[in-house]
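# Residue-level structural notes
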Amino acid sequence: MFTSEQNSSCHQRLGLIASLIALLAVSAWRFIVGADWLVNMLLAFTLSGVGLLLWFEWRKLRRVRQAYDMAMLAAHDGFWEWNPITKELRTGSRLLEILGYQHDFLPDTHAWLKLVHPDDVAPYNKAVAEHLKGKTTYFYCEYRVRASNGSYIWVASRGIAVRDRRGRAYQMVGSVIDITQQRNHQETMEFLAQHDELTGLPNRLMLAEKLSQAIEEAKKNGLRLAVCFIDLDRFKNINDTLGHRAGDQLLQNVAQRVVANLPANCQLFRQGGDEFIVLMNSIPVLSTALTAAGQLRELIATPFSSLSADFFTSASIGISLFPDDAVDGETLLKNADTAMYEAKAAGGNAVRTHTPQMNQRLLSRVTLETQLRSALQNNEMSLHFQAQVDAASGCLTGAEALLRWHHHGQAIPPDQFIPVAEDTGLIISIGDWVVDRAIAQILEWRHLYGDIPPIAINLSPRQFWRPALSHQVLRKLRAAGLPTSALEVEVTESVLLHAEAGSLDELENFRESGVRIALDDFGTGYSSLSYLRRLPINILKIDRSFIIDLTSPKESATSQALVSAIIAMAHSLSLKVIAEGVETPEQLGCLQELKCDVIQGYLISRPLPPAEFSAKFLVDRKTLG
Ligand code: C2E
Ligand code: MG
Ligand code: MG
């Protein structure tokens, strides 16, 4: 960039040269031709005219240059002028100001290139070379330049070459603008698009990119990679009972803990909701991925004490392997997801590796789900009743209503369809149907046989997520004109695991209004015995697995001691004890000795359709033989 002083001296020089030439011409004329005064006058007149003209021109030019200089000073852009032959560089004061350098700091290309970010030198040189060769109409490049304070600023530079008649560039002029803010904003937007706001983890968009890169790398180097699909168990439960803030906090805690303990070559992504993906690069054998996934499972299952209350969660993890399982990212993810579902179906807190059979199982599960959706409308559901009898007298003390599904002549066991109903939320309408059906059955039997013992229905934890479950059931009982003692509810320990909020209140409400509560499958969950004291229950049902072991040659001593302790403890808490799954007279004898209150199992009766149950137990109250 020229300064204004340089411009004016240049014009003065021009004027001086013109005057000298004119003077020389006059002197030469006089010397050669000789001249009288008239010629002298004419010459002097012409000379002053030329001088005046030159002076006007020079003033005009000076004004234009001054305006040009002022415009450059005032302009936001920094101007530059470069000679591609000598490499000489002239920079305007604005450009130096943008970068924070002194005058004459950038004499040539070499000095300039030293300031360009190493990663940007190549694209910058390429853009210059292409324009000099005439391949581009303009030179344009966005790159980083080191400012005087050491930081890099983003600039956009645009220029054009001035060429001679042969097209060779002998000068290039252009401007530079500071686009740092714009680039930072763009980078922030890009970051936000590729990261999850809650946990700060890279999101599924980034995962897709990284996964395909990782696959390419693995292909090139002949290595394996593993996709680990992590899903938190019962997370919906936490969200629904403790609120979304607690759920969010748990997700953040899980993310932080996993990131802090990630094995080498692994990266964590948030897939969405309570799903996370760990991408494991350079896996030599499957067992490496399995070990790492096992560690992640343990890590997540360790209580989170940083939250307002101690928080327990666990994860179901599915693994799929490249290239063994699939060779593209989408299928790898899908297979890992399927394997994760298998881990969940096994009760959660487990790791599973994908196998081809899993896809088949998934397909039958999807079919089951479709069929289940129309089961109620098609009248395919029914209730069977299993007797509960007094262990000492054999008198009927109650019955458990158990759901049955017959689809096209085939009986599908509850253990198969209840989890599907729970996952899909269908358990809500199915659960409502069970309540209605049980109440209708009680009414019918009361009408026929008078006062009958209570009938127990099973309530799934998922049903407690809906507010006011107890009120709905109680309203139905009232509408039918039944006492609350006519119905019992059975719940498993899992309903109480996250019972800090809603479900505990629901149970309290049931018990206070006179509906008795049985804790089902006791001993299979994690509840400690002392935990039982806090729970609003009336009955404890010892799980069948303990009863089987009571008379087995190997386990009998331990099992008897355990069952005896459970019964004693339950009695001390004034709870009635029911033994589930009693199949043999030996088991019955043992339970009678241990002072168990009630017996339920095939020894007494299998679950029966209503008519058979009433014929066997209600028409003439039978006693145990
Ligand atoms: P549960 O509530 O523990 O029910 C007892 C299960 O043990 C029943 O299986 C019953 O048929 C079986 N059982 C009873 N006595 C014996 C025995 O002596 N030997 C053996 N091997 N089994 C015996 P079922 O009917 O297949 O039900 C399985 C589970 O499905 C139930 O376990 C319950 O958790 C669930 N379920 C059943 N009906 C419903 C329902 O209406 N709603 C909900 N939410 N769950 C239900
Ligand atoms: Mg039950
Ligand atoms: Mg049970």
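Chains are numbered independently. Their residues run from 1 in the order of the written sequence. Ligands are numbered from 1 and chains lettered from A, in the order in which they are written. At least 70 in pLDDT is required for a residue's local features to be given in this predicted model, at least 80 for side-chain atom pairs to be given and counted, and no such filter applies to totals for whole chains, interfaces and linings, which use all residues. The basis for every side-chain value is the complete set of heavy atoms in the structure, and neither hydrogens nor water enter the calculation.

### Here's the deal with the overall build of the protein chain
- Elements are defined by DSSP. Helices are runs of H or I of four residues or more, strands are runs of E of two residues or more, and each kind is numbered from the N terminus. Per the secondary structure count, the protein chain includes 21 helices and 19 strands.
- Relative accessibility under 20% of the residue-type maximum defines a buried residue, over 50% an exposed one, and the middle range a partly exposed one, all with a 1.4 Å probe and only protein chains included. A total of 625 residues make up the protein chain; the buried ones form 42% of that total.
- Pairs of residues are marked as contacts when any of their non-hydrogen atoms sit within 4.5 Å. Expressed as a percentage of contacts within the protein chain between residues at least 6 apart in sequence, the contacts between residues at least 24 apart total 62%.
- Of the roughly 32,500 Å² of accessible surface on the protein chain, a fraction of 56% belongs to carbon and sulfur atoms. Note on areas: Shrake-Rupley with a 1.4 Å probe; residue coverage comes only from the protein chains shown.

### Some points on the site of ligand 1
- As a matter of local geometry, ligand 1 sits amid 22 residues, with Arg404, Asp520, Arg544, Glu583 and Tyr602 nearest to it.
- Side-chain atoms alone can form a polar contact between residues adjacent in sequence; in general such a contact is a pair of N or O atoms within 3.5 Å, and within protein one must be able to donate a hydrogen while the other accepts it. Taking Tyr602, its main chain carries an N or O atom lying 2.8 Å from an oxygen atom of ligand 1.
- Within the residue set of the shell around ligand 1, elements represented by two or more residues are strand S12 (396-407), helix H13 (414-424) and strand S16 (516-522).
- It is S12 that contributes the most residues to the shell around ligand 1, four residues altogether.
- Residues that form the shell around ligand 1 fall into these classes: eight nonpolar, five polar and nine charged. One heavy atom within 4 Å of a molecule or strand is enough for the residue carrying it to be called near that molecule or strand. Polar here means any residue other than Ala, Val, Leu, Ile, Met, Phe, Trp, Tyr, Cys and Pro, which are nonpolar, and Asp, Glu, Lys and Arg, which are charged; Gly is therefore polar.

### Let's talk about the sheet that holds strand S2 (residues 89-91)
- When DSSP locates at least two bridges between a pair of strands, those strands are taken to pair. Read from one edge of the open sheet, five strands run S2-S1-S5-S4-S3, paired in antiparallel fashion. Two strands close off the open sheet at either side, each with one partner strand: S2 and strand S3 (139-146). For this sheet, the mean inter-axis angle between neighbouring strands, taken without regard to orientation, is 25°.
- As judged from the nine bridges shared by strand S4 (residues 152-163) and strand S5 (residues 169-178), these two strands associate in the antiparallel manner. Bridging from a neighbouring strand, Arg158 pairs with Ser175 of S5. For helices, the fitted axis covers only the stretch in contact; all axes are lines through C-alpha atoms, and the angles between them, taken along N-to-C directions, range from 0 to 180 degrees.

### Notes on the environment of Leu376
- Here Leu376 lies in the loop between helix H12 (356-373) and strand S11 (381-390).
- It is 8.2 Å that separates the C-alpha atoms of Leu376 and Trp433, two residues lying 57 residues apart in sequence.
- The residues touching Leu376, leaving out its near neighbours within four places in the chain, are Met381, Ser429, Ile430 and Trp433.

### Details of the coordination of the magnesium ion (ligand 2)
- Distances decide who is a donor: an N, O or S atom must be within 2.8 Å of the metal, or within 3.2 Å for Na, K and Ca. Water is not included, so sites may look incomplete. Summarising the metal site, the magnesium ion (ligand 2) is bound by the protein donors Glu400 (OE), Asn458 (OD1), Glu490 (OE) and Asp520 (OD), whose distances to it range over 2.0 to 2.3 Å.
- Of note, the magnesium ion (ligand 2) draws all its donor residues from one chain, in the sequence arrangement E-x57-N-x31-E-x29-D.
- A distance of 4.0 Å spans the gap from the magnesium ion (ligand 2) to the magnesium ion (ligand 3), which Asp520 bridges by coordinating each metal. Of this pair, Glu400 sits in strand S12 while Glu490 sits in strand S15 (residues 487-492), placing them 90 residues apart in sequence.

### As for the pairing of strand S17 (residues 539-542)
- Side-chain alternation along S17 places Ile539 and Lys541 on one buried face and Leu540 and Ile542 on a second face that is also buried.
- The pairing of S17 with strand S18 (residues 576-579) spans four bridges and is parallel. Within the sheet, the bridge partner assigned to Leu540 lies in S18 and is Val577.

### Observations concerning the pairing of strand S1 (residues 78-82)
- Summarising burial for S1: four of the five residues are buried, a large majority.
- Where S1 meets S5, five bridges bridge the pair, whose relative direction is antiparallel. When the sheet's bridge partners are listed, Phe79 is paired in S5 with Ser175.
- A loop of six residues connects S1 with S2, the two strands running antiparallel in sequence, and Lys87 in this loop sits at a positive phi of about 70°.

### Description of the pattern of salt bridges
- Here a salt bridge means any side-chain nitrogen of Lys or Arg lying within 4 Å of a carboxyl oxygen belonging to Asp or Glu. In total, this model carries 20 salt bridges according to the counting rule given.
- A salt bridge links Asp196 to Arg270, with the nearest nitrogen and oxygen atoms 3.0 Å apart. Here Arg270 lies in strand S7 (residues 266-272) and Asp196 lies in the loop between helix H6 (180-194) and helix H7 (204-221), a separation of 74 residues in the sequence.
- Glu369 is the salt-bridge partner of Arg373, the closest N and O atoms lying 3.1 Å from each other. Highlighted residues: Arg373 and Glu369, both in helix H12, separated by four residues, approximately one helical turn.
- In this structure Arg373 comes out as partly exposed when scored by relative accessible area, which is 42%.
- Here Glu369 falls in the partly exposed class, since its relative accessible area comes to 23%.

### A few points about the packing of helix H11 (residues 329-345) against H12
- Where H11 contacts H12, the two axes come as close as 10 Å, and the packing angle between them is 70°. Judged by the inter-axis angle, H11 sits roughly perpendicular to H12. Taken together, the residues of H12 that come into contact with H11 (itself represented by Asn335, Thr338, Ala339 and Glu342) are Met358, Asn359, Arg361 and Leu362.
- Tallied by class, the residues present in the contact of H11 with H12 amount to three nonpolar, three polar and two charged. Should an angle lie under 35 degrees it is considered roughly parallel, over 145 roughly antiparallel, and from 65 to 115 roughly perpendicular; all remaining angles are considered oblique.

### Points about a nonpolar patch on the surface
- Surface patches are defined over residues having more than 30% relative accessible area and no salt bridge, joining like charges when they lie within 9 Å and nonpolar side chains (Val, Leu, Ile, Met, Phe, Trp, Tyr) when within 5 Å. Taken together, the side chains of Leu52, Trp55 and Phe56 make up a nonpolar region of the molecular surface, amounting to roughly 340 Å² of accessible area.
- In this structure, Trp55 sits in helix H2 (residues 37-74).

### Describing helix H21 (residues 610-618)
- All buried positions along H21 are accounted for by Phe613, Ser614, Phe617 and Leu618. Looking straight down H21, one finds that the buried residues subtend no more than 95° of arc, so they occupy a single side. Summarising the geometry of H21, the exposed residues directed more than 90 degrees from the buried face are Ala611 and Ala615. What the arc covers is the set of directions going from the helix axis to the C-beta atoms.

### Regarding the sheet that holds S7
- With mixed pairing, five strands are arranged side by side in an open sheet as S7-S8-S6-S9-S10. Whereas interior strands pair on both sides, the edge strands pair on one side only; in this sheet they are S7 and strand S10 (350-353). Neighbour-to-neighbour, the strand axes of the sheet open up by a mean angle of 20°, direction not taken into account.
- The pairing of strand S9 (residues 315-322) with S10 spans four bridges and is classified as parallel. Across the sheet, Ser316 pairs through a bridge with Ala350, a residue of S10.
- Each of strand S6 (224-232), S7, strand S8 (275-283) and S9 is contacted by H7, which is oriented at about 140° to S7, the strand it contacts most.

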